[in-house]
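Listed here are the chains, written in short residue letters.
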Amino acid sequence: MSKFAIDPGHGDVHGSLGGDGGAVGYLIEQNCALNIATIVINKLKSLGHEAWNVRPSTAGSVTDSLQKRCNSGESADYFVSIHLNAGGGKGTEIFAVSDAGKKVAGNVLNEIVNLGFINRGVKDGRSLYVLRRSKPVAILIEICFVDTKSDVDLYNSIGIEKISNAIVKGLTGSEIKEQEGERNKMKNIVVYGEGADKRAAEYLADYLKCPMVSKENLSQDVLDFSEKIYIIGGNWKPNSKCILISGSDRYTTIKEVLKFIGK
Ligand SMILES: [Zn+2]
């Protein structure tokens, strides 16, 4: 079993990551990257691997944002940065620096290209910060171009789950089982509203072995995918699949979570 640091590229919300904003075209790169990363993490865990999201919640500059990702990924075997490209090209390319990285990149690229994207090859990623500074075997995936209509149409028709499966298969060699006629849903996700409730959310996500996101980073796709959504703190309950666990302040919220877990 391996350890995977999964990096959903960018993620700047109102300056929270110092301007690390990503591309915007027919799709918003940072949202797509987070959706796919969240599903990839969930699937890697279901195969028995360790996987976690290294996107920071705050950063003072783009460099700080990138360095924080590298720091969070330091103990992993693999660092996998997920991006979408811009500039009007077509297809998938994956960057790597080391030979080991290029081998993994080739495997992931083959799987994504099998879905129908044009193969732009494995490219030298020496100029990319997260590849240069990461200790683990590192790759940076550019799935397709957000500003090329045919790529975006293909992306939408394939769907983020199949794209995520391709990434996981490329990384691990394991085929992802899909239930016949039904989308292989993400079962659980833990969502916290305020930074103060992050610790309580971590306890529950650890217990449930499921991904965790902040409310700001929760996208509609992930809401739709998940069977159960645990909202930690506050009183926000966007739909009937949501289970709200909340106290009157951060301490009683932690108590409520521990009670829920049975501790
Ligand atoms: Zn990017």
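The structure reproduced in this document is the subject of the present report. Quick caveat, the model's predicted, so the values are computed rather than measured.

Our focus in this paragraph is the coordination of the zinc ion. Every protein donor of the zinc ion is accounted for by His10 (NE2), Glu29 (OE) and His83 (ND1), and the metal-donor separations fall at 2.0 to 2.1 Å. Mapping the donors of the zinc ion onto the primary sequence yields the spacing H-x18-E-x53-H. Residue His10 is located in the loop between strand E1 (3–8) and helix H1 (29–46), and its partner His83 is located in strand E3 (residues 78–85); the two are separated by 73 residues in the primary sequence.

Attention now goes to the nonpolar core. In terms of nonpolar packing, the biggest core is built from 40 residues, with Ile139, Ile143, Tyr155 and Ile167 touching the most fellow members. Elements with a minimum of two residues in this core: E1, H1, E3, strand E4 (92–96), helix H3 (99–114), strand E6 (137–145), helix H5 (149–158) and helix H6 (160–172). In terms of nonpolar packing, the next biggest core, distinct from the first, is built from twelve residues, Tyr192, Tyr230, Ile232 and Ile261 among them.

This next bit is on the pairing of E1. Where burial is concerned, most of E1 is hidden: five out of the six residues are buried. Pairing analysis gives four bridges linking E1 to strand E2 (residues 50–53), with the strands arranged parallel. If you follow Ile6 over to E2, its bridge partner there is Asn53. Of the crossover connections in this fold, the one passing from E1 over H1 to the parallel E2 is right-handed. When E1 meets E3, the two strands line up parallel, connected through five bridges. Paired with Ala5 across the bridge in E3 is Phe79.

Okay, the sheet that holds strand E5 (residues 119–124) next. Strands sit in the order E2-E1-E3-E6-E4-E5 across an open sheet of six strands; the sheet is mixed. Across the chains shown, the open sheet's two edge strands, defined by having one partner strand only, are E2 and E5. In this sheet, neighbouring strand axes are inclined to one another by 20 degrees on average, regardless of whether the strands run parallel or antiparallel. With four bridges joining them, E4 and E5 adopt parallel strand pairing. Along E5, the bridge assignment pairs Thr92 with Asn119. Against the sheet, H3 engages E3, E4, E5 and E6, with an angle of about 30 degrees to E6. The strands that H5 touches are E3 and E6; relative to E6, the one it contacts most, it runs at about 105 degrees.

Further remarks concern the sheet that holds strand E8 (residues 212–214). Across the sheet, which stays open at both edges, the four strands sit in the order E8-E7-E9-E10 with parallel pairing between neighbours. Because the sheet does not close on itself, it has two edges, and the strands there are E8 and strand E10 (242–245). Strand-to-strand twist in this sheet, taken as the mean axis angle between neighbours without regard to direction, amounts to 25 degrees. Summarising the sheet, strand E7 (residues 188–192) and E8 pair through three bridges and their orientation is parallel. When the bridges of E8 are listed, Tyr192 appears paired with Ser214. Taken strand by strand, helix H7 (residues 198–208) contacts E7, E8, strand E9 (228–232) and E10, and its axis lies near 175 degrees from that of E7.

Before going further, it helps to spend a moment on the pattern of salt bridges. Side chains that carry opposite charge are capable of pairing whenever their charged atoms lie near each other. The final tally for this structure, using the stated rule, is eleven salt bridges. A single network of salt bridges, built from pairs that share partners, joins Asp7, Asp20 and Arg69.

Per the counting criterion, the structure on display carries two aromatic pairs. Relative to Tyr78, the ring of Phe4 lies with its centre 5.2 Å away and its plane at 15 degrees, an arrangement referred to as stacked. A residue pair is termed long-range when its members are at least 10 positions apart, and Phe4 in strand E1 and Tyr78 in strand E3 qualify at 74 residues. On the accessibility criterion, Tyr78 (24% relative accessible area) is partly exposed. When the centroid spacing of 5.6 Å and the interplanar angle of 65 degrees are considered together, the rings of Tyr230 and Phe260 count as edge-to-face. Of this pair, Tyr230 sits in strand E9 while Phe260 sits in helix H9 (residues 250–261), and the two are 30 residues apart along the sequence. Taking relative accessible area as the criterion, Tyr230 reaches 5% and is therefore assigned buried.

Procedures and definitions
Residues numbered from 1 in each chain as written. Predicted model: local features only at pLDDT ≥ 70, side-chain atom pairs only at ≥ 80, totals over all residues. Heavy atoms only, no water. Donors = N, O, S within 2.8 Å, 3.2 Å for Na, K, Ca; no water. Helix = DSSP H or I, 4+ residues; strand = E, 2+ residues; numbered from the N terminus. Core = buried A, V, L, I, M, F, W, Y, C linked by side-chain atoms within 4.5 Å. Buried < 20%, exposed > 50% of the residue type's maximum accessible area, 1.4 Å probe, protein only. Pairing = 2+ DSSP bridges. Right-handed = clockwise from strand over helix to strand, strands pointing away. Axes fitted to C-alpha atoms, helices over the stretch in contact; angles between N-to-C directions. Contact = heavy atoms within 4.5 Å. Salt bridge = Lys/Arg side-chain N within 4 Å of Asp/Glu carboxyl O. Phe/Tyr/Trp six-rings, centres within 6.5 Å; stacked < 30°, edge-to-face > 60°.

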